[in-house]
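# Structural features, examined
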Protein chains: 2
Amino acid sequence: MQPAAQILDNIQKHISVSASEKKLIESLLVQQKVAKKEVLLEAGKVATDIHFVSQGVLRSYFTDLEGDQNIVMFAVNDWWITDIFSFSTGNPAQLTIDALEDAVVYSLSKENLELLFLKMPTFERFFRILMQNAYVREQSRIIQNLSMPAEERYRQFLKKYPQFAERITQKQIASYLGITPEFLSSLRKKPNS
Amino acid sequence: MQPAAQILDNIQKHISVSASEKKLIESLLVQQKVAKKEVLLEAGKVATDIHFVSQGVLRSYFTDLEGDQNIVMFAVNDWWITDIFSFSTGNPAQLTIDALEDAVVYSLSKENLELLFLKMPTFERFFRILMQNAYVREQSRIIQNLSMPAEERYRQFLKKYPQFAERITQKQIASYLGITPEFLSSLRKKPNS
DNA sequence: CGCGACGTTGATTTGCCTCAACGATTGTGG
DNA sequence: CCACAATCGTTGAGGCAAATCAACGTCGCG
């Protein structure tokens, strides 16, 4: 698939896009190759871009006071990722974003996003839907964290994100679930009733 | 303050609204008085409306398999609340919304919201910002839940939401934090170093 | 080949829960 | 307006889920 076509498909799932608008969108995106372990956004710096993942796997994580990494999200193909707090407010990022596998992303700067909003008002709708879906996803994760033990959260994770489970190490999954790799290992060997 | 003026102020923090648009917005809102303990949305039914809280205190909560209530959010004046999953998708709500104190809300149905998006494209921007802020808020809560022990989460809660702490019982706060009231009580008596 | 990260196992510890009991508030029907 | 019931916040004893720490074989990578 043409790389730009992949993003346009993603956008056209929610709004319709004219030929001239397609050219506009393409002109505002910057392709970036990201090697495994390469950092796209470093905590403390400002998130100036939002990234669409075309290939590979990215993650965002928060480093706490003890120096432990807490994974906030994974992103594979067709996902958008940034530190939304920093991107929204211009404050320093709390999250680091790096690649778990070699990746290709298309980056859209905040300025170019605002330009899109101006020149193409329907893009505001697309982005509204993107944010609304992200809100639903995060709220659903909060509900799960509050109401389920780790074993059940792990089962739900496998069910909801099978595309992640294959490509991501146990250690990363444990961090996403908020448990230690040792404990995840003990869950995995239990009979999966 | 004129009740409708309160919502318009809230909206005008993010977009500008003409006189005719103000009338349109007012015409699509329905005022509702909600008595303490009255249920605005019941889990299992579809969330047809999003509610703007003018006075009083609402909460949304999830009832898990053991029958325990897990509080997802509180809403006081100038907050918007719904089951965003149900409102977005039309699926049955996972959350129940009720009043912790007598409240006055302005309800906007999904149909009327779509009408607003059509007749007033800048409202899409307002709602995008609302969803984006909600996303930031939920993600920040996930980070806290992953990276901090209960005692620290309680401190941060008091700091971030002093307007809640005064009006909400310890039991409700404990449920929001994901701990038992007994354990919260034991945290509170510790020297707040 | 050799090194470092990974996944696992087991022993021990701990943060938080469960259950039970109590006085203090709050709510409510008569 | 009172009396009673219900809920709240708290305390303490005991228990469990999950963390910590240490050790070890395996694997991917330089």
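What you see is a predicted model; the values in this text were computed from it and never measured.

So, about the protein's contact with DNA strand D. In the vicinity of DNA strand D there are 16 residues, among which Phe-183 of chain A together with Thr-169, Gln-170, Lys-171 and Ser-185 of chain B approach most closely. Considering each element in turn, the surface near DNA strand D owes the most residues, 6 residues, to helix H9 (residues 181-189) of chain B. When the residues that make up the surface near DNA strand D are grouped by side-chain class, the tally is 5 nonpolar, 5 polar and 6 charged.

Another aspect to go through is the protein's contact with DNA strand C. Close to DNA strand C lie 16 residues, the nearest being Thr-169, Gln-170, Lys-171 and Ser-185 of chain A together with Phe-183 of chain B. Elements represented by at least two residues in the surface near DNA strand C include exactly helix H8 (170-177) and helix H9 (181-189) of chain A together with helix H6 (150-160) and H9 of chain B. Here the element with the most residues in the surface near DNA strand C is H9 of chain A; it accounts for 6 residues. For the surface near DNA strand C, a count of residues per class yields 5 nonpolar, 5 polar and 6 charged.

Relating one copy of the chain to the other requires a rotation about an axis plus a shift along that axis. Rotating chain A by 180 degrees about the axis while translating it 0.0 Å along that axis superimposes it on chain B, leaving an RMSD of 0.0 Å. These values place the two chain copies in the arrangement generated by a two-fold rotation axis.

Moving on: unusual backbone geometry. In the Ramachandran plot, Lys-37 of chain A falls in the positive-phi region, its phi being about 75 degrees despite a non-glycine side chain. Note on placement: Lys-37 of chain A falls in the loop between strand S1 (30-34) and strand S2 (39-41). C-beta crowding within 10 Å serves as the criterion here: with 10 such atoms nearby, Lys-37 of chain A is assigned to the exposed category. At Asp-78 of chain B, a residue that is not glycine, the phi angle is positive and equals roughly 80 degrees. With respect to the helices, strands and loops of the structure, Asp-78 of chain B is situated in the loop between strand S4 (69-75) and strand S5 (80-81). By C-beta crowding, Asp-78 of chain B is classed as partly exposed, having 13 other C-beta atoms within 10 Å.

Listed by partner, the interface residues are 28 residues for chain A and 28 residues for chain B. Secondary structure elements with two or more residues in the side of chain A that touches chain B: strand S4 (69-75), helix H3 (84-89) and helix H5 (122-147) of chain A. Residue contributions to the side of chain A that touches chain B peak at 18 residues, all from H5 of chain A. Of the residues contributing to the side of chain A that touches chain B, the split by class is 13 nonpolar, 9 polar and 6 charged.

Analysis parameters
- Residues numbered from 1 in each chain as written.
- Chains lettered and ligands numbered in written order.
- Predicted model: local features only at pLDDT ≥ 70, side-chain atom pairs only at ≥ 80, totals over all residues.
- Near = placed C-beta within 6 Å.
- Helix = DSSP H or I, 4+ residues; strand = E, 2+ residues; numbered from the N terminus.
- Nonpolar A, V, L, I, M, F, W, Y, C, P; charged D, E, K, R; others polar.
- Least-squares fit on C-alpha atoms with pLDDT ≥ 70 in both.
- Buried ≥ 20, exposed ≤ 12 C-beta atoms within 10 Å, placed from the backbone.
- Contact = placed C-beta atoms within 7 Å.

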